[in-house]
Structure formats: C-alpha cells, structure tokens
Amino acid sequence: MTRDLRPFRPGLSRRSVLQIGGGAVAAIAAPAVVRAAPKEIVVGGPAGAARYLNADVFPVIEKKLDAKILYEGTNSLTNLQKMQADRASPKMSVVIMDDPVMIPAAAEGLITPMTTSAVPNLGKLVPGAVHRDGLWANYQKPWAGIAFSTKRMKQPPARWSDLWDARYGQKVIVPSIQNTEGYWTLLVAAHLETGKPFSEAQYEIDAAFKKLKSLKPNLLSVYTNAPQAINLLEQGEAWMIGGQFSAYTLIRKAEGSPVDLAIPAEGGFAMPSGIAKAKGAPADALADAVVDALLSPEIQSILATKAFVAPTNPAATTPAGFPDSATLFAPDWAFFAKERAGWTERWIKEMA
Amino acid sequence: MTARLAVGFAWLAALAAVLFLLVPLLTVAAASFSPTPVFDLPLDGASLRWYARIATLDGFWPALSLSLQIALLSTAIALVIGTLAAIAIVRGRLPGAEALATALVSPLMMPGLVLGIALLQYFRAMGFTATWSALLLAHLVVTLPYVARTMIAGLALFDFTLVEAARTLGCTYAGAILRVMVPALAPSFLTAGLFSFLASFDNYPVSIFLTDVRTKTLPIKMLQYIEEAPDPTLAALSTLILAATVILLVASDRLIGLHRMAGTSE
Amino acid sequence: MLGPSGCGKTTLLRLVAGLAAPEEGTIAIAGRDVTRVPPHRRNVGVVFQSYALFPHLTVAGNVAFGLSVRGRPREEIDRAVKRTLSLVRLEHLGARRVSALSGGQQQRVALARALAVGPEVLLFDEALSALDRNLREEMQVELQRLLREIGATAIFVTHDQDEALTMSDRIAVMNGGRIEQLADPKTLYERPATLFTLGFVGQSTRLRGTVAEAGDGMVAVDTAVGRVAAVGSYRAGSSVVVATRPEHLRVVAELAGHEGAEHARNSVDGRIRAVIFQGSRSRIEVAAGDQILLAEAPGRIASELNPGDAARLVWPVTETFAYPDPEARA
Amino acid sequence: MTAADLPVPSPVVSPAPDRERWLAIGFATPAALVLVVLFALPLALLFTASVAGPAGLTLSEYAKLATPHYLGVVWNSLRLALLTTGIAFLIGYPASFALARARGVLRSVMLASLFLPLAASVIVKAFAWTILLRSDGLVNTVLMALGLVDEPIRMIFTETALVVGAVNIFLPFMILPIYAVVAQLDHRLVEAAATLGASPAVAFVRVVMPLTLPGIVAGLALVFSLSVSAYVVPTLLIGERYPTLSTTIAKAFLLARQPGFGAAAGVALLAITLAAVALSARLGRSGGAR
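What counts, and where the lines are drawn
- Residues numbered from 1 in each chain as written.
- Chains lettered and ligands numbered in written order.
- Predicted model: local features only at pLDDT ≥ 70, side-chain atom pairs only at ≥ 80, totals over all residues.
- Heavy atoms only, no water.
- Helix = DSSP H or I, 4+ residues; strand = E, 2+ residues; numbered from the N terminus.
- Buried < 20%, exposed > 50% of the residue type's maximum accessible area, 1.4 Å probe, protein only.
- Contact = heavy atoms within 4.5 Å.
- Areas by Shrake-Rupley, 256 points an atom, 1.4 Å probe, with all protein chains shown as cover.
- Axes fitted to C-alpha atoms, helices over the stretch in contact; angles between N-to-C directions.
- Parallel < 35°, antiparallel > 145°, perpendicular 65-115°, else oblique.
- Left-handed = near helix turned anticlockwise from the far one by under 90°.
- Nonpolar A, V, L, I, M, F, W, Y, C, P; charged D, E, K, R; others polar.
- Buried area = accessible area lost by both parts, 1.4 Å probe.
- Salt bridge = Lys/Arg side-chain N within 4 Å of Asp/Glu carboxyl O.
- Polar contact = N/O pair within 3.5 Å; in protein donor to acceptor, adjacent residues only side chain to side chain.
- Pairing = 2+ DSSP bridges.
- Phe/Tyr/Trp six-rings, centres within 6.5 Å; stacked < 30°, edge-to-face > 60°.
- Lys NZ or Arg CZ within 6 Å of the ring centre and 35° of its normal.

## Notes on the overall build of chain D
When its secondary structure is counted, chain D shows twelve helices and two strands. In sequence order, the secondary structure elements of chain D are arranged as α-β-β-α-α-α-α-α-α-α-α-α-α-α. When the 290 residues of chain D are sorted by exposure, 55% land in the buried category. Considering only contacts in chain D between residues 6 or more positions apart, those separated by 24 or more positions represent 72%. Within the structure as shown, chain D displays about 11700 Å² of accessible surface, and the carbon and sulfur contribution to it stands at 70%.

Laid out in structure tokens, this is it:
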C-alpha cells in the first residue's frame, strides 16, 4: 500500500515533456496568478455539508474572526486529488474529510499538525477525537444507523439483521465500500456472522464477506452516489438504506421527506468527520482560528441542532433525543484505510 | 412496396427516437413542480417553490456566467480549428489524414475524470494555476472531437468547387469559406456548434478537477446542490436550462432561416 | 483547349483562374502578369463543369454574388442581375432556388454568374459536357451569340472535338501536359502538326515506313504497300508514319489509264473490305497487304462499290504528311 | 514548326502539389497542436505511472489487467459500448432519413428533441429514468396495462436499464452526424440508380449506404467512444455490480491511490477504443470505395 501512495515525481522524460507542453500552453494562455485577499480563507470539504455550513455555521465564525470563509464543497477523494496536485501552492487552507481519507492525506504529507497553543479547543475534545498528535481532529460525529422510508415502514427497523429479512427482497440499498458509510454494513455482517462484539468482529473480514453475500437477494442497489440512493428511499422504491447517517438523513427528514434514521439494538456507529490544516497553505493563523472555532462549544452546538451531529467538545449542548456519543462504536480506521482498496475489489468481485 | 415500407419504418424510428429522448426530460420538468421535497412523480398538487429556491442558491449566477463564457469561447475556437482540420482531412492532401481523424475523436475515449486528473497534474507540474484559462483549454479538448468528427462527415459530400467558384467571383479563401461553405453546410455547423456548446456547458468530470472555490462552472454547482439535498431544485434548474435551450434552438433556427433569406435578396 | 481526359487542360484552366499556382513560368492576362495574383483579383469568370452553383442562394443570389462580394451598391447589383439574366434568357427565374432548375438552366445561371462581374477572360471547364446532345448543340450556338455580344475572351476546355471545332477561333490541342498544337480550327484539321493532333482531331489513314529519299521538304517513304511521297523533312533511313485524311483518298475502280498519269498523287492498290454507310458519305475500308486503309466517298460512288472488289486508292501528295514514328523512337 | 523538332510528350505533372500539401498541413496544425499539448502530453505524463515500478520499467500493472476478473471488466465495457452503439444505430440510421425528409415545424421539433437532451445533466436524467423504470413507474404501469406482464418487472439497476439509459443519452450523437450527411444527399443519385435497373433495396445498399458512410462512421465513432468510456452512466444506472474500465480507472486513481494500475487500465481503454474506431473508419473507407 505504501508503494501506491508515492507521489508523482517528475523523471527526466517527464521534465522534457513538461518543457514542450509548458511552452505551448503558455503561448495559448498566459497564466495569471490569483492571490487570496488577506482576510480570506478557503475551506475544503464535502459538498453535502455546504448548505448548513454556509447558512448556519460560517456566518457566525466570519463575524467572530472578521474574515471571509470560502467553502470548496467537493467529493473528498476529488479534494484529495486536488490537494496533491496543488501541494506546491495549496489553495485550500483547511480541509474537512472523513478519517479514512485523512489517513492517505497524512501519508502523502498534505496536512500539517495543529498545536493546542494555536488551537486551544484541540485540548478540550473528548478522548479519541484528536489523531496523530494533532494532525487532524474530529470536529463532529454524525451517527449512522438504518435509514428507512416512513412511507413503506410503519415500524422502524429494530435490528441490523432486519436488512437480511426475507420480507425485504430487493428493498434494501447499501453504500459501496468506496464510501466511508459503506463500512457499516461490512462491520455488521462480520458481527452477525461471528457473534463477536464490533471491536473484535471488525477484523473478521472473511466472515463479513460470507454474510454479506447472503444479503444479495435483498439488495436493490449498492450506491456510490448518495443523493440517488436517498432519492430512491424518498420515492419508496427502496425501504431501507443500511449504514446511512444522521447529517444526511435527518436533515432530509427535517425538510419534510418521508424518511427517518433508526439506531438498531446492536448499536449505532460514529462517523469520523475530521478537520485538518493543509501543509504550506496561505493564511496559517486564520486557519488555526477557523479550526478552533469549529471545535468550540458554541459552533458545535449550532452544528448539533442544524446538522444532527454529536459534538466532540463536551462543553457543547445537544438537543434532546441525541444518542449518547459514548455508545457509538468507533472502529479502527487505520485498518480500514489500509484494507479498503482490497475490500473494494473483493466486494465488486463477490457482489457482482 | 419495399420502398414504402422502408419510408414507413424510417418515420416510425424517428417517432420512437423523439419520444424516447423527450420522456426523461418531460419527467424532469414535471417533477420540478413537486410540492414536496422529494424528486418524484406523480405529484399531488403543484408548486413553484423549487423555482423560487433557485434565486437563493449561492453562487448560481457567477457559475452560469462562467459556464456560458467557457462554452461559447471553447465552441468558437473548436469550430474554427476543428473545421480547418476537417478540411485538411477531407481534401485528402494531408499525410496521415485518417490517423488524424481518429486521433481527433480520442479525447472522447477517455473517461472525463482521467482527462481531468491528467490535465490538473500537467498544468500544476508546469506551474500553471490560472483556473479560467485552464478550464478553457480543457474544454477545448472536450469540444474539439465533436466539431472535428461532425465536420469531417459534413464535408465528405461538400463540393469544394463551390469555394473555388466563390474565389473566382472575388472572394478571398477565408471569405469563400465564410460566404459559401458555412451557409451551404449550415446543418453541419449547427450540429457541430451545438454539440460542442452543450458538451462544454454540461461537462463536469473534467471541470471538477480544474475548478476552484472562486471559479465554478454550473454543472459543478449543480453537483454540489444535489449533494446538499436530492430535492427538486435540480429538476427546476434543469427545466429552466431546457427552456433556455429551446429558446436558443428557436433562435438559431430563425438565424439560419434569416441567413437564407439574406441570401435570396443578395 | 482540347485534349483527352487527364491531359492537363483543366489544370491549365485552373492556373489561368489562379486556383492553382505554377512552379515556373508566368501567366499574363491582356499583357498584365498575374502569376502571383490570387484568383479573387484576377477578374476572370469561370463556368465549372459541375456549375458549382451555391445551393443556399437563389438564381438571382448566385448571379449577384460576385458583385455583392465586391461591395457594389444594391441598385447597381440589381440592374446587373436583371441585365445578365435577360442575356441568358432567365429573367423570369430570378427567385427560384437553383436546385429547382434543369441542367440547361443551371448552365445558363453559371454563365450569368460568371458574366455578371464583367470578367476580362471567361473560362469554361467542360461546361457543356453534362448536357444531352440536343441541348448541347443549342447551347453552343447560344454561347457563341452571347460571347460575340459581350466581346470577352473565352477559353473552353473540352475533350469533344466537335465542340472545339464549332466554338473556337483558336484551338490548343493538349496531350500529356503539353500543348501539341495551337492553331485555328481549319489549320488544325488540315495541317495537324503532330501525329497526336492528327489522331485526336478527325479520322486518319496511316502507313508506317522508312524514308528512302529526302529533299526540298518532301520525302519518299517505303511502306508495306509501296512507295509513298509525303510532306516532311527527314533524313533518309528515318522511321516515319505517313498519314492523310480519309476524305482525300479517292477509290478508283481499276482504270489502268490513270496509272502514273498524275505525278502529284500517291496511289495504293488493294481490295475493298467493307463499305459502311454513313448518310451523305460512306466509309470504305480497303485492305492492302496487311494494312487497312480508310477512305471516304460520296454515297453515289460508294453505292457502286462492293466488298471483295479490287480497288485503287489515290490521294494528293500535298495532303500527305510524314511524322516521326513514335514506336521506332521508343 | 516541322515535324522533326516536335517535343516529346511527357507525363502529366500536377501543379505545385507541395503548396496544397503545405496548406493542408497548415490547416491541420492548430487542431493537432491542441491534441498533442492538451491531450497526448498530459495523458502520457499520467500514464508513465503504468510502467514505472520501484525498480525501473515494469509491466506488472498490465499483468494485473490480464486476470479473469479484469478481462470481465474489459468485456463489460465493450459489451455496454457495442450494445449501445448497435441499438443507437438501428434506431438512429432510419430516423435520420425521416429527419432529412421532414420539413417546417416538424423538422424543427425533431431537431430540437435531439439537441434538447444534451442540455440536461446526466445525473438529472438518471433520476428521471429511476422514476420511469421503478416497480410502480410509468414503464411497468404501461406494460401491465397492456397485459404484457402480470407483475412489475425489475428494471432499475439491471443491464436493461443501463443500456436503455445509455442509448437515451448517446442517441443524438448517432443521429445528428448521419442526418447532416443524409440531408446533403442528392436524391437524383437514388433515382439514377433506379433507372439503371436497381431495385430499391439494391439502390439503397449500393448507392445510399456508401454515400452516407461518412455520417455512419462519425456516428459510430462518437457513440462507441462515449459509451465505452462512460463513467457517470454506469455508476448511476447499475452501480458496482457492473464494473467497467472507466469505473475501475476512477477507483484506482481516486480511492485506491494506485495510479499505476489506473494508468494501465487507461492505456488499455484507449488502445481498445482507438483500434475499434480506426477499424470502423477503415471499413467505412473500403465500403465507400466499393
């Protein structure tokens, strides 16, 4: 895996190719350098979070810091690719990505550690929320369960094993392992097959795939495109999505869609939303301030109510009905990140 | 008898094609009037709330403007250089004409995101970071195949003596191309131009790697909107774009018609 | 310009029009060197073989094209279009689309379009070949009338010798990229300078032989059928082809009294092989040795001839020409 | 002039062939430059990873492609492209003739219906197809009303849905280039063929088909290239159960961070498609020369 993480390095032939191309492109379009205004900062993160961040969170931070936050909402893996290409002069100063994407970003040296002196709130988070000595931190924890259509199901699904219930032939959608939330189905399958607790079952991958295969008759689809899957659930064509999470499903529910999120008896899971500073990025001090704000109780309270996520700063207040963050299982993401490519390939081979 | 059958079959195929192509568009248009936040049919009732929402979408107008700029410019450039290349290929005095004809389609053979990643790394490796120019150049690669391929086909039956006739009547070479070849091949140019414009205007797999937070094309914005919520906003937005395209099509139909009229009075 | 397909006559026309550029040499129109002048500034009018009418324009639009490109005022263009169309007798069809016209009408539109700009030289590239025979002959007459009215120089390219002979003041016979002979139609026919011209324009009777005696612009040639005298300057021993036009060959029934009577005549004895009736005249094939000679005779005389009869062919020496034998040369 | 000094006839020399050739080269240069500088070089750079191993050049990434699973993936891509191109041609070829015959408003409506779909994002159209093809969707309702099926048949996320969607999205790219050629077709040629004693079928095969070949080749090349490299279409219409080269390449670059393997798969895709398109162009040319 480490071999595959090597960055692209120009070789001799590569350099000469670039010289040819460089001359020609420069002739076609003269490069113009765009510099950010001094009190401006670019934050990159998932597109799905753009609405609540722009509407409810950033205005508060902007007012506090007297700065302008520009949010670059793009799929995490695309953002990672862009960060890699832009490593010489990064455009994004702060990035929001799930832990499994933070791990390769860290390995490729694209993010830089934060300190409690510059980001005081870093030291106030719940245990386990700060990774690799401040390289990144979890600023929120959406929880994952089973999203279901309230139009089709009068009773919320009670257990994860309901996904396998023969009554739901071709009614179930699960996320692809290419998406972070795709891991939950695999983990549950391992747990159901072995009977071991999640913490042990997460390493029993052969068992997981065995159980997962038996889910095939119930599967309508395996999604990589979340909006499409949610749309199918909202239409009632799908009845359940295994492993969907609060920051998506509950926002849709709040907007009036006939969907809801159930936390099965075996337990829910904590989604690992991380935040980090890009290495060598502009507006370094401002980046520290923005991260600190996102880790502050004030902002995390807003996030909790608007985005239905569990705070990682214990001082933040949560509305009633939120699951206890401590009951949510957080798996070994390093193991997941290491194995994901292989699992994806195996998944495609076995589930096709 | 066979001939009549064949004609009947042709009309049947055309009717089927038209219906087949329009059904999903009508579905989208219908769903845009949904009173609920679900992108679905049938509807109970109708509402314009998703149209109202478009006005509140952040970054919509700049994205539309950028997409129009890039699409118009890349189409204009692609039309010129693609047509020139097609002339060179069709007139057959070019060494390796057939290879060039195939090579000109090759950008379509690459998944857009591969092209996007390739261009992103290439531009960055050269220290080229101007987003607008990068987008224009990338879209030129995306649009050129449509123009070149359509024009090669269109020129195959074109009688180049017309260009020579115009030259002996007092036109320069470029003037002859503009005054004779362009109007005589209006359907091909229209097809090539619209293919190219729409391919650029709707492109996101290439654009997504080259846009940045300040410079986003409309499809990238639309992708962001649907990621935020799969509600009928996108249906409303698409319906508006479709309506604008209808206007564009009617206008270009008129324009070509006007051109013909201008021709008769000359 | 007359010649077989591929002889380069269209290329020459294109060179004159400026649509192709010469590698060497100069092209001059009315004494003005136009070698480097692009086609749009040469002031020539071209009528193309395919007519090359602009399909997106009407008849009037096509005729007006050259003037409107030159930016002439609208009234002037309208007047010129009207005048030119009436010249080609199409004034009533100005608003038609060109695709709705017959072949002859299209040809006339092409002509009107070329004429409208008032060219110094008119170029016709096989302009009549696409028309059927009757229409072609009608157009030939009409074109001659028009060209006389306008008084412009016209260059026709054709592979049709009748058309060339009918329409031209001077004909350039082309072969293999070269002009074989440039002459008025009469000279060209009566005094063909080369074997090619002889063969391409009209019929001929030929005999291969070797020069036996030479002198004073005349040669005596030994052929397979006897000695023949011809006009030409060659050294004794040269291989030559002697030829004459069939209409100069008279068929004489074996009348012994004529023998040697006229010094200026050639004669060959043979046997009639075929008599082919062709209306006012008949073609007669006479076998002499292993040669076949072509003669022509008025119908009255021909009707008395029968295949198998012995016959003597007699023709004037002054109508007999000697050419270098191309096969001997090779 | 005497016969003795006549020049020897020489073969025809076409005038200044170099000038025409240089003009053609000049015309082709800008497009070729764009292709080289903005397509070939960037891809070459990206694809060097496919042969760059830890110890110099290696073909190990290509060897991975030769496993049964990835050969199946290649077959999926080809199958999708062939089905889409074939069906689009069967509908599109006759339709383009009707389009060329149509006049006035009818033609405008037909042309508009070909261009209009290009203005709608693939994502939105995929949403629409889900609505149409789902178990209680329009298509199943119609099928049941007609008594063709007794209970809803599953269509979404099947190969049927994939091909229907792909044909829907790529059909205009088949019809319009063919139409552009058919519209120029001189109908007198067909009539001429008929007067020569050709039956309509023979006249069609011997006269019309060869004349429309440039359009056919253009349509086939466009639709094949687009469908073989389609990424969004299979992702949204069938998902992971139908892995294609495109989805595999995307995964390798973005998710698995294996640019070497992604590059190898990209090279394979480009090679296969170029070969297919060059072959169809060659067939078109030999057919046209018949």
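Still more ground to cover, so stick around.
## Details of the packing of helix H2 (residues 50–65) of chain A against helix H11 (residues 297–307) of chain A
Residue and element names in this part refer to chain A. Running from N to C, H2 and H11 point in directions that differ by 165°, and their axes come no closer than 10 Å. As far as their axial angle goes, H11 and H2 are roughly antiparallel. Relative to H11, the crossing made by H2 is right-handed. Residues Tyr52, Leu53, Asp56, Val57, Val60, Ile61 and Lys64 of H2 form the contact with H11, whose own contacting residues are Glu298, Ile299, Ile302, Leu303, Lys306 and Ala307. Grouping the amino acids of the contact of H2 with H11 by side-chain chemistry returns nine nonpolar, no polar and four charged.

## Focus on the interface of chain B and chain D
Counting residues at the interface gives 86 residues for chain B, matched by 92 residues for chain D. With both sides pooled, the region where chain B packs onto chain D buries about 7800 Å², and carbon together with sulfur makes up 82% of that total. Across the chain B-chain D interface, the total number found is two salt bridges. Applying the counting rule to chain B against chain D returns five residue pairs in polar contact (both at pLDDT 80 or more). When contributions to the side of chain B that touches chain D are tallied by element, the ones reaching two or more residues are helix H1 (2–31), helix H3 (60–91), helix H4 (97–105), helix H5 (112–125), helix H6 (131–156), helix H9 (186–201), helix H11 (218–228) and helix H12 (233–265) of chain B. If you tally residues by element for the side of chain B that touches chain D, the top one is H1(B), at 18 residues. Classifying every residue of the side of chain B that touches chain D gives 70 nonpolar, ten polar and six charged.

## Points about the sheet that holds strand E3 (residues 44–47) of chain C
Residue and element names in this part refer to chain C. Pairing in this open sheet of three strands is parallel, and the strands run E3-E4-E5 from one edge to the other. Only two strands of the sheet have a single partner each, and these edge strands are E3 and strand E5 (153–157). On average, each strand axis in the sheet is inclined to that of its neighbour by 15°, with strand direction left out of account. When E3 meets strand E4 (residues 121–125), the two strands line up parallel, connected through four bridges. Considered in E4, the bridge of Gly45 is made with Leu122. The strands that helix H1 (residues 9–17) touches are E3, E4 and E5; relative to E4, the one it contacts most, it runs at about 150°. Across the sheet, helix H4 (residues 103–116) is in contact with E3 and E4; its angle to E3 comes to roughly 170°.

## Some words on the packing of aromatic side chains
Within this structure, the stated rule accounts for 37 aromatic pairs over all chains. Consider the rings of A:Phe245 and A:Tyr248, whose centres lie 6.4 Å apart with planes at 75°: the pair is edge-to-face. Of the two residues, A:Phe245 and A:Tyr248, neither departs from the other in class, the shared state being buried. In this structure, C:Arg245 is placed above the aromatic ring of C:Tyr189, and the distance from its NZ or CZ to the ring centre is 4.2 Å.

## A look at helix H4 (residues 99–107) of chain A
Side chains of residues three or four places apart in an α-helix project in the same direction, reflecting 3.6 residues per turn. Among the nine residues in H4(A), eight count as buried, and that is most of the element. Note on H4(A): the residue one or two positions beyond its end, A:Gly109, has a positive phi of about 70°.

## Side note on unusual backbone geometry
Cis geometry marks the peptide bond from B:Leu41 to B:Pro42; its omega dihedral reads -10°. Residues other than glycine seldom take positive phi values, yet C:Ala30 does so here, at roughly 50°. With respect to the helices and strands, C:Ala30 occurs in the loop between strand E1 (28–29) and strand E2 (32–33). Classification of C:Ala30 as exposed rests on a relative accessible area of 73%. Backbone geometry at C:Arg89 places phi at a positive 60°, although glycine is not the residue there. By the secondary structure assignment, C:Arg89 is in the loop between helix H3 (74–87) and H4. By relative accessible area, which is 44% here, C:Arg89 ends up partly exposed.

## Remarks on the sheet that holds strand E16 (residues 310–316) of chain C
Residue and element names in this part refer to chain C. One open sheet holds the five strands; their spatial order is E12-E16-E13-E14-E15, and the pairing between them is antiparallel. Each end of this open sheet is capped by a strand with a single partner; those strands are strand E12 (250–252) and strand E15 (291–298). Here the strands of the sheet are splayed against their neighbours by 45° on average, with no regard to which way each runs. Bridge count for strand E13 (residues 265–278) against strand E14 (residues 281–288) is seven bridges, and the pairing is antiparallel. Residue pairing across strands places Val275 opposite Ile284, the latter belonging to E14.

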